[in-house]
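# Secondary and tertiary structure notes
So the chains spell out like this:
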Amino acid sequence: MQQSSHTTSLSIRSFQFCSNNSVTFTNMKLPTLSVLYLIHLTSLLLILAESTQPPFSCDISDPRTKSYPFCKTTLPITQRVQDLVSRLTLDEKISQLVNSASSIPRLGIPAYQWWSEALHGVAYSLRVTQGIRFNGTIQSATSFPQVILTAASFDAHLWYRIAQAVGIEARAIYNAGQAMGMTFWAPNINIYRDPRWGRGQETPGEDPLVSGKYAVSFVRGIQGDSFEGGKLGQHLQASACCKHFTAYDLDNWKGVKRYVFNAKVSLQDLADTYQPPFQSCIQQGKASGIMCAYNRVNGVPNCADYNLLSKTARGQWGFNGYITSDCDAVAIIHEDQGYAKLPEDAVADVLKAGMDVNCGTYLKKYTKSAVEKRKLPVSKIDRALHNLFSVRIRLGLFDGNPVKQPYGTIGSDKVCSQEHRNLALEAARNGIVLLKNTDKLLPLSKTKTTSLAVIGPNANSAKTLVGNYAGPPCKPVTPLQGLQSYVKDTRFHQGCNAVNCSSAFIAQSVKIAKGADHVVLVMGLDQTQESEDHDRVDLLLPPKQQNLISRIARVAKNPVILVLLSGGPVDISFAKNDQHIGSILWAGYPGEAGGRALAEIIFGDHNPVTWYPQSYVNVPMTDMRMRPEPSSSYPGRTYRFYQGPKVFEFEMGDEVCEKMKYTVKVRVKNHGAMAGKHPMLLFVRQPKMVNGRPVRQLVAFQSVNLNAGERADVEFELRPCEHLSSAKKDGSMVIEEGSYLLSIGDKESEIQVVK
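Our subject in this report is the structure included herewith. (Residues numbered from 1 in each chain as written. Predicted model: local features only at pLDDT ≥ 70, side-chain atom pairs only at ≥ 80, totals over all residues. Heavy atoms only, no water.)

### Observations regarding the sheet that holds strand β10 (residues 300-301)
Read from one edge to the other, the open sheet built from three strands follows the order β7-β9-β10, with strand pairing classed as mixed. Two strands in the sheet have a free side with no partner beyond their single neighbour: β7 (262-263) and β10. Here two bridges tie strand β9 (residues 296-297) to β10, and the two strands are oriented antiparallel to one another. Bridge pairing links R296 to P301 in β10. (Pairing = 2+ DSSP bridges. Helix = DSSP H or I, 4+ residues; strand = E, 2+ residues; numbered from the N terminus.)

Okay, here's the thing in structure tokens:
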């Protein structure tokens, strides 16, 4: 941890100063305090010498190890945990209920940091002493595209491979002694319900099926399971945590903050929109962690909701892991929401509900007084500790020297490896979306393009590439750098002082645009416009940025290429309808290889969210209803239910149920002139939208590689109980009798459901 390292280095410098004055020092009669001080400093030197070793318990060189059942790897985890918890005092137990869990020296248990981040690559933690450090032999990690762009590939195996690489790099960082924890608070699988949400960039999009499949792929990859699942066993490569449970998709909108927001959600919408990704994460992905969200749902704080945490997640879905609060979520139950009258009540509420660890300090401060006031039985603390230590044991942190454990040989050479950097490039290539390409402007000719103008505030910004929750990237390539590798005569101007474009440099931009064969405008948003704790209030580009685009497009020799970096949709109707703008590419936040991927695409139809018009801002972000209500002009949300205008559309059981499944075979052909990877998206809809059914529903997807003119047969498995069922108002799932239409692209085929 940074704080500890800083203290150690100061102490060592003091010791060296004493050593430099050793003649005087050794002639003195040392008082007991000085001897203890010397011993303390010697211990610090030993700690420093061993700082490259990862923290672990049950060292075989420690004679106590032989007598502790919790160190015996031959015993079941449950028995080991019971032994460990039985040895702790109440104060020691309480010290383990917060993310910065204290060490227990008398048992040889080191401190542990539950909070580490790995949304799209191993990253910095925020606000607290970090679980991951980049100040040793490892100073960076592979930065993959932000999740919303990766999801646009519709390639579940790609998602798995990315998570697998992240898990490998995480374990390598731990093995190098630069991690105080191996529990990573990712993935974010909340539904991207509203286009203004600042954290939509972190999610797989607006579709529950896609979000659920992404969760499964990510969890299996990072934890060390196979792509198909079922091969994980007891040991975890790293621990994944699905967040934010549940119905969390508003941060800070017009003064409404996530800490106090009460999401009013129908049982119907919970059943078929908000909950399915978490159910998939737990039941299929076998996630070892989930995070309860800040907000209330129908009046009850998520972290204090017994029905949500214990009855649903653990009881109905069989969750077997730990549950953490979001940071300071326990404090706000009392201090902001007023749900709990006293701090001790908040502590009792969350531990009784089934939460295990508090990101923050509230449980450390008030759990003992909650016990003393008889608001909380110690058995609830022991239950939480059982879940927490079980995960730490599964991570191999109580099995002796990590070098001798299953993942102990993963070295620092696996971090920023060429394989992982190539994967980051592949992910960016496959995620970038071509929204417009009039007269086949792209790809540009490598031989005929002798000069290029690259203009825009995002054109040479490595920071914008990686989005939020990112660590230091290995070798970032900006769009400008990528394009410069293709065209020697590349001229650049920032165009605006920043993404908000409070000052636009129109004259200078126009000048270089006029002199180039082609113009690439790299515009869009960044974390100043959309981020955690910052929702958007409109869906437009900053006005001066939009004006700059139009001015340059009118003077350029050829139609310009517009590249948008953003985590959320932007109303660019002006560009879509402008004949001077020949191509539009949406590149999300494409990660460290984004600039290279963009250049390859420019020189060398799928989309995870609906692009709404600016008029959508008239819909309150606080309205959680998914389905439309014509009587009040409420248009509904996401491609499944939304019945308003769009800028660009989303393109994307039991034994009886098992017998009902069947295969759908589709023959496809690449009619283009180039080879490419094409996502095949299978939708289902009913001829008429009745009883609150979606307008259409994505039920399966695959990516297929085809050469120009090549044909292929693609098979999908249709599961009627899963794919044709819909939620009634009481939340129960039913399959309605009648016609259903299966579609891929503009081709439809009818099937009948007869009871």
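Still more to cover.
### Focus on the state of the cysteines
For the structure on display, the rule yields six disulfides. Note that C292 is cross-linked by a disulfide to C303, the S-S spacing being 2.2 Å. Across the S-S bond of C292 and C303 the torsion is about 105 degrees, and the bridge reads as right-handed. With a gap of eleven residues between them, C292 in strand β8 (residues 289-292) and C303 in the loop between β10 and α11 (306-316) connect regions that are remote in the sequence. Residue class for C303 comes out buried when judged on its relative accessible area of 2%. (Disulfide = S-S within 2.5 Å. Buried < 20%, exposed > 50% of the residue type's maximum accessible area, 1.4 Å probe, protein only.)

### Regarding α11
Considered for burial, the residues of α11 that qualify are L308, L309, S310, T312, A313 and R314. Packed against the buried residues of α11 are β4 (239-245), α10 (276-283), β8, β11 (322-325), α13 (343-353) and α15 (378-394). The backbone nitrogen of N307 has a side-chain oxygen 3.0 Å away, supplied by the residue at the start of α11, namely D305. Phi turns positive, to about 75 degrees, at G318, one or two residues after α11. (Contact = heavy atoms within 4.5 Å. Polar contact = N/O pair within 3.5 Å; in protein donor to acceptor, adjacent residues only side chain to side chain.)

### Overview of the nonpolar core
Within the largest apolar cluster, 206 residues are counted, with the highest numbers of intra-cluster contacts made by V563, I572, I602 and L698. Among the elements that make up this core, the one with the highest residue count is helix α7 (residues 156-175) (eleven residues). With 20 residues, the next largest nonpolar core counts L682, L706, L718 and L724 among its residues. (Core = buried A, V, L, I, M, F, W, Y, C linked by side-chain atoms within 4.5 Å.)

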